[in-house]
Amino acid sequence: MERLRDVSNRFIWVISLLSAATAAAAYDDYASAKRKVDQIEAGQLRAGTRLELSAPELNAYIAREAPDGVRNPKIQLVAPGVASGTALVDFSKLQHAQGRQPGWLMTKLLEGERPVSVTARIRSAGGRATVDVDKVEISGVEIDGRTLDFLIQNVVLPQYPDVMVGRPFELGYRINKLDVRPTAVGIVIGR
């Protein structure tokens, strides 16, 4: 019995140590990403500088910076120029956090937390980028093609007029280009 307790205690100690190491790595990834974002926003980088945000850095950053109503966000860099993201989203809570009152129908349709997945293609050059959404999945229901276009035009854009889907937009902060690759997102600073 004593030997079983010793093995059990060692197992718990190892699990605790691994958990602490994982939490420390996530904190280091967040701190690294935050430092890079702060440098960009403060204009501290010279023209031609290229910063890399690794997938672990991106995920640590979005996990910490996600708005109310978004839980467990994760980004996967799928292929050159392609990224997908998943999260548990409470659309009603998200709209409230942004100071919006969702309509009765939206509240009833999207009440509670829903698993959401989005896949998008990202192109950029000359300080501008375009994000084309290829596929959205909400609660296991896949939305793409004409149905997705209809929802973006008639639901998303009226609710979130600042969202730029399928249209070029300024990157800001002197960012010249985003280079999305399977291992990292490269950020190139312009003039």
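Residues numbered from 1 in each chain as written. Predicted model: local features only at pLDDT ≥ 70, side-chain atom pairs only at ≥ 80, totals over all residues. Heavy atoms only, no water.

A. Focus on the pattern of salt bridges. With the rule as written, the count across this model stands at 11 salt bridges. Between Glu52 and Arg50 there is a salt bridge, and its shortest N-O distance comes to 2.8 Å. For Glu52, a relative accessible area of 28% puts it in the partly exposed group. With a closest N to O distance of 2.5 Å, Arg128 and Glu170 form a salt bridge. In this pair, Arg128 sits in strand 5 (residues 128-138) while Glu170 sits in strand 7 (residues 169-170), placing the two residues 42 residues apart along the sequence. Linked by salt bridges that have partners in common, Arg50, Glu52, Asp179 and Arg181 make up one network. (Salt bridge = Lys/Arg side-chain N within 4 Å of Asp/Glu carboxyl O. Buried < 20%, exposed > 50% of the residue type's maximum accessible area, 1.4 Å probe, protein only. Helix = DSSP H or I, 4+ residues; strand = E, 2+ residues; numbered from the N terminus.)

B. Looking closely at the packing of aromatic side chains. One pass over the structure, following the stated rule, counts 1 aromatic pair. Centroid distance Tyr30 to Tyr61: 5.9 Å. Interplanar angle 15°. Geometry classified as stacked. Here the residue Tyr30 occupies a position in helix 1 (residues 2-41), and Tyr61 occupies one in helix 2 (residues 55-65), the gap between them amounting to 31 residues. Residue Tyr30 is classed as buried on the basis of its relative accessible area, which comes to 10%. Using a relative accessible area of 22% as the deciding quantity, one classes Tyr61 as partly exposed. (Phe/Tyr/Trp six-rings, centres within 6.5 Å; stacked < 30°, edge-to-face > 60°.)

C. Inspection of unusual backbone geometry at higher detail. For Ser139, which is not a glycine, the phi torsion comes out positive at approximately 50°. Mapping Ser139 onto the fold places it in the loop between strand 5 and strand 6 (141-144).

D. Highlighting the sheet that holds strand 1 (residues 50-54). Taken in spatial order, the 3 strands make up an open sheet running 1-9-8, and their pairing is antiparallel. Every interior strand has two partners, whereas the edge strands, strand 1 and strand 8 (175-180), have only one. Taken over all neighbouring pairs, the strand axes of this sheet differ in orientation by 20° on average, direction set aside. Here strand 1 pairs with strand 9 (residues 184-189) via 5 bridges, running antiparallel. Paired with Ser54 across the strands is Ala184, a residue of strand 9. Contacting strand 1 and strand 9, helix 2 crosses the sheet at an angle of about 70° to strand 1. (Pairing = 2+ DSSP bridges. Axes fitted to C-alpha atoms, helices over the stretch in contact; angles between N-to-C directions. Contact = heavy atoms within 4.5 Å.)

E. Looking closely at the nonpolar core. In this structure, Ile40, Leu77, Ile175, Val185, Ile187 and Ile189 are the most contacted members of the largest nonpolar core, which totals 16 residues. Mapped onto this core, the elements with two or more residues apiece are helix 1, strand 1, helix 2, strand 8 and strand 9. Of all the elements, strand 9 adds the most residues to this core, at 3 residues. With 6 residues, the next largest nonpolar core counts Leu148, Ile152, Leu157 and Val165 among its residues. (Core = buried A, V, L, I, M, F, W, Y, C linked by side-chain atoms within 4.5 Å.)

F. Just the pairing of strand 9, in detail. Burial runs high along strand 9: 6 of the 6 residues are buried. Because side chains alternate across strand 9, one face comprises the buried residues Ala184, Gly186 and Val188, and the other comprises Val185, Ile187 and Ile189, equally buried. The sheet contact formed by strand 8 and strand 9 spans 5 bridges and is antiparallel. Bridge pairing links Ile175 to Ile189 in strand 9. Taken together, strand 8 and the strand that follows it, strand 9, pair antiparallel across an intervening segment of 3 residues.

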